[in-house]
Amino acid sequence: MLQRDWRLLNFDTVDAIPAALARGRANAVARALAQADWLLRRKTDGRYLAAVRLGVSARWQLLAPANAWPRDAACGTRGQRAQTGVDALQRRLRELAARPASHATLPLDGVRRHLDALGISADYGRRHALDLVPEPRVLAFAGFDRYRRPLFLQAAAAAAWSRMRAAAAADGVRLEAISGFRSHAYQAGIFARKRARGQGVEEILQVNAAPGYSEHHGGCALDVGTPGEPAAQESFEKTAAFAWLKMRAGDFGFVLSYPRGNPHGIVYEPWHWCWRAC
Ligand SMILES: [Zn+2]
């Protein structure tokens, strides 16, 4: 697969990324990835489900036990679920080959399930002046983040981020991505993990947007950091990176989404920038 074709293919409960972008800590997983074209992951937490090799007939290696597969991905054994995932992947690739510039988004019904499950009321969006943000069906590889995880954004936002990072570097400023696209399911997974540690939904909402309402779902928002500075802290505003962004980010189409006193009631986030032409 050519690097320019590295994309995240986004489905309801699973996604697929090029296997070449994923790391396997265990030797067996690393070997499976080395022989595969695609990796199917669970969206709530990115857990590896299957390494898939396409070809005349697709083959795959299962990387997770049956109970790790999302319950609503499909019924049946994990082999049958993998088959369903691989079929969806092949369909999406055919669709992309026919219409490469598709900007379609996934339906929003899944997010309503997440909100109901968390007991978040229907007027959350109105109270915070936020709209539900649909997820793109396809995202582009935008380099690696600070943690060497592959970063995905909408293609045009990825290109703008790459240009902005290069321009900053030319001025002696290092910008690092902390986080880009995040799915509704992943956001719901953050809530599930925090609740398992004893936090209440209201408490989590002080820090995290409700699933469906984060700008990160749209593939145009990016949390930015700089080496030596902790991720997503207000102290980022004191860095040379932030001073540079304030001066130059607008030239690349990036806007600070949550300044102090923003109308959404979201805490000041000097690290969170969104490419507005999306
Ligand atoms: Zn953010």
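The rules we used
- Residues numbered from 1 in each chain as written.
- Predicted model: local features only at pLDDT ≥ 70, side-chain atom pairs only at ≥ 80, totals over all residues.
- Heavy atoms only, no water.
- Phe/Tyr/Trp six-rings, centres within 6.5 Å; stacked < 30°, edge-to-face > 60°.
- Buried < 20%, exposed > 50% of the residue type's maximum accessible area, 1.4 Å probe, protein only.
- Donors = N, O, S within 2.8 Å, 3.2 Å for Na, K, Ca; no water.
- Helix = DSSP H or I, 4+ residues; strand = E, 2+ residues; numbered from the N terminus.
- Salt bridge = Lys/Arg side-chain N within 4 Å of Asp/Glu carboxyl O.
- Contact = heavy atoms within 4.5 Å.
- Pairing = 2+ DSSP bridges.
- Axes fitted to C-alpha atoms, helices over the stretch in contact; angles between N-to-C directions.

An unreviewed UniProt entry annotates the protein as D-alanyl-D-alanine carboxypeptidase of Chiayiivirga flava.

It is worth spelling out the packing of aromatic side chains at this point. Tallying each qualifying case throughout the model produces seven aromatic pairs. Considering the side-chain rings of F141 and F144, the 5.2 Å spacing of their centres and the 75 degrees angle between planes classify their relative orientation as edge-to-face. With relative accessibility at 15%, the residue F141 sits in the buried group. The exposure class assigned to F144 is partly exposed, which follows from its relative accessible area of 25%. Cluster of aromatic residues (ring-pair linked, three or more members): W6, F141, F144 and F152.

Coordination of the zinc ion by the protein is provided by H216 (NE2), D223 (OD) and H272 (ND1), with metal-donor distances spanning 2.0 to 2.1 Å. Positions of the donor residues of the zinc ion along the chain correspond to the pattern H-x6-D-x48-H. One end of the pair, H216, is in the loop between helix 7 (201-205) and strand 9 (221-225); the other, H272, is in strand 11 (residues 272-275), and 56 residues separate them in sequence. Here H216 and H272 have matching classes, each one buried.

Another point: the pattern of salt bridges. The full count for this structure, using the stated rule, is 17 salt bridges. A salt bridge links D123 to R127; its shortest N-O distance comes to 3.3 Å. For D123, a relative accessible area of 27% puts it in the partly exposed group. Salt bridges sharing common partners tie together E234, E237, K238 and R260.

As for its placement among the helices and strands, W69 is situated in the loop between strand 5 (59-62) and helix 2 (78-98). Of the residues examined, W69 reaches a relative accessible area of 4% and is grouped as buried. Measuring from C-alpha to C-alpha, the distance between W69 and R81 comes to 7.8 Å, with 12 residues separating the pair along the chain. Those residues in contact with W69, other than ones at most four positions away along the chain, are L49, A50, L62, A64, R78, R81 and A82.

Below, the discussion takes up the sheet that holds strand 4 (residues 48-53). If you trace the seven strands from one edge of the open sheet to the other, you get 5-4-3-2-1-6-7, paired in antiparallel fashion. Strands with a single pairing partner mark the edges of an open sheet, and in this sheet they are strand 5 and strand 7 (150-153). If you compare each strand with its neighbour and ignore which way they point, the axes differ by 30 degrees on average. Taken together, the five bridges between strand 2 (residues 14-18) and strand 3 (residues 38-42) define a ladder with antiparallel strand orientation. Across the sheet, P18 pairs through a bridge with W38, a residue of strand 3. In this fold helix 2 packs onto strand 1 (7-10), strand 2, strand 3, strand 4, strand 5 and strand 6 (138-144), with an angle of close to 135 degrees to the strand it touches most, strand 5.

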